Amino acid sequence: MYKMSTDELRELYRELILDHARSPRHFGKLPEVTHSADGLNPLCGDKLKLYLRIGDDDRIQDAAFEGSGCAISVASASLLTDTIIGMRPTEAQSFAGALIHRLTGKQTNVELGKLRALEGVREFPSRIKCATLAWHAMNSAIRQDKVPASTE
Ligand code: ZN
């Protein structure tokens, strides 16, 4: 299998973050929300609200987010909505688990696709929570937690 070099990964990371931070996908409110959660990253000041519509067929039919934060947190939330639409909630949770694992420096066998580029954040340890915030919020939304997801 082709392995990306560190330089390629770094370049991909930069492009992906810039692209999604400049024009976030699925930004805004969602009609017919079934699940939602707030996410907070007090260290950086990132705040977002994640909306999901989970259908009777146990699929995530739609996802969207609102909020404000740094480029990494916005890009990661945008990538999240792009990725999880069409997944079963349990699939989305294991994907989130694998991604959070990878971003915090652990190994996983799950194929992350283009989200592998987010690994670039590992070079900036103080920003890892910016990248994982939306994924924690998604887990909270699926679990229907009563308290906001916080990185602290
Ligand atoms: Zn941030």
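Source: prediction; values computed, not measured. (Residues numbered from 1 in each chain as written. Predicted model: local features only at pLDDT ≥ 70, side-chain atom pairs only at ≥ 80, totals over all residues. Heavy atoms only, no water.)

Caption draft 1: The arrangement of the nonpolar core in detail. Counting residues in hydrophobic clusters, the biggest one holds 43 residues, and the most contacted among them are Leu-50, Leu-52, Ile-72, Ile-84, Trp-135 and Met-138. Counting only elements with at least two residues in this core, the list comes to helix H1 (6-22), strand E2 (46-54), strand E3 (60-68), helix H2 (71-84), helix H3 (89-103) and helix H4 (128-143). Here this core takes 10 residues from H4, the largest share from any one element. Those residues in contact with Leu-50 that lie beyond four places of it in its chain are His-35, Ser-36, Ala-37, Ala-64, Phe-65, Leu-80, Ala-134, Ala-137 and Met-138. (Core = buried A, V, L, I, M, F, W, Y, C linked by side-chain atoms within 4.5 Å. Buried < 20%, exposed > 50% of the residue type's maximum accessible area, 1.4 Å probe, protein only. Helix = DSSP H or I, 4+ residues; strand = E, 2+ residues; numbered from the N terminus. Contact = heavy atoms within 4.5 Å.)

Caption draft 2: Seen up close, the sheet that holds strand E4 (residues 149-150). Judged by pairing direction, the sheet is mixed, and its 4 strands sit side by side in the order E3-E2-E1-E4 without closing on themselves. Strand pairing shows two members of the sheet lacking a second neighbour, E3 and E4, which therefore form its edges. Where strand E1 (residues 35-41) and E4 come together, 2 bridges link them in parallel fashion. Across the sheet, the residue bridging to Leu-40 is Ser-150, located in E4. Sheet contacts for H2: E2 and E3; angle to E3, the most-contacted strand, approximately 170 degrees. (Pairing = 2+ DSSP bridges. Axes fitted to C-alpha atoms, helices over the stretch in contact; angles between N-to-C directions.)

Caption draft 3: A look at the environment of Leu-115. With respect to the element layout, Leu-115 can be found in the loop between H3 and H4. Apart from residues no more than four positions distant in its own chain, Leu-115 is found in contact with Leu-79, Thr-83, Phe-95, Leu-99 and Trp-135.

Caption draft 4: Quick peek at the side chain of Asn-139. Looking at where Asn-139 falls in the secondary structure, it is placed in helix H4. Given a relative accessible area of 11%, Asn-139 falls into the buried group. If near-sequence neighbours (up to four positions away) are discounted, Asn-139 is found in contact with Gln-93, Ala-96 and Ile-100.

Caption draft 5: Summary view of the coordination of the zinc ion. For the zinc ion, every protein donor is listed as Cys-44 (SG), Asp-46 (OD), Asp-46 (OD), Cys-70 (SG) and Cys-130 (SG), and the spread of their distances is 2.2 to 2.7 Å. All donors of the zinc ion come from a single chain, and their spacing in sequence reads C-x1-D-x23-C-x59-C. (Donors = N, O, S within 2.8 Å, 3.2 Å for Na, K, Ca; no water.)

Caption draft 6: Main features of the pairing of E1. The two faces of E1 differ: His-35, Ala-37, Gly-39 and Asn-41 on one face are buried, but Ser-36, Asp-38 and Leu-40 on the other face are not. Two elements, E1 and E2, share 7 bridges in a ladder whose sense is antiparallel. Opposite Ala-37, over in E2, you have Leu-50 as the bridge partner.

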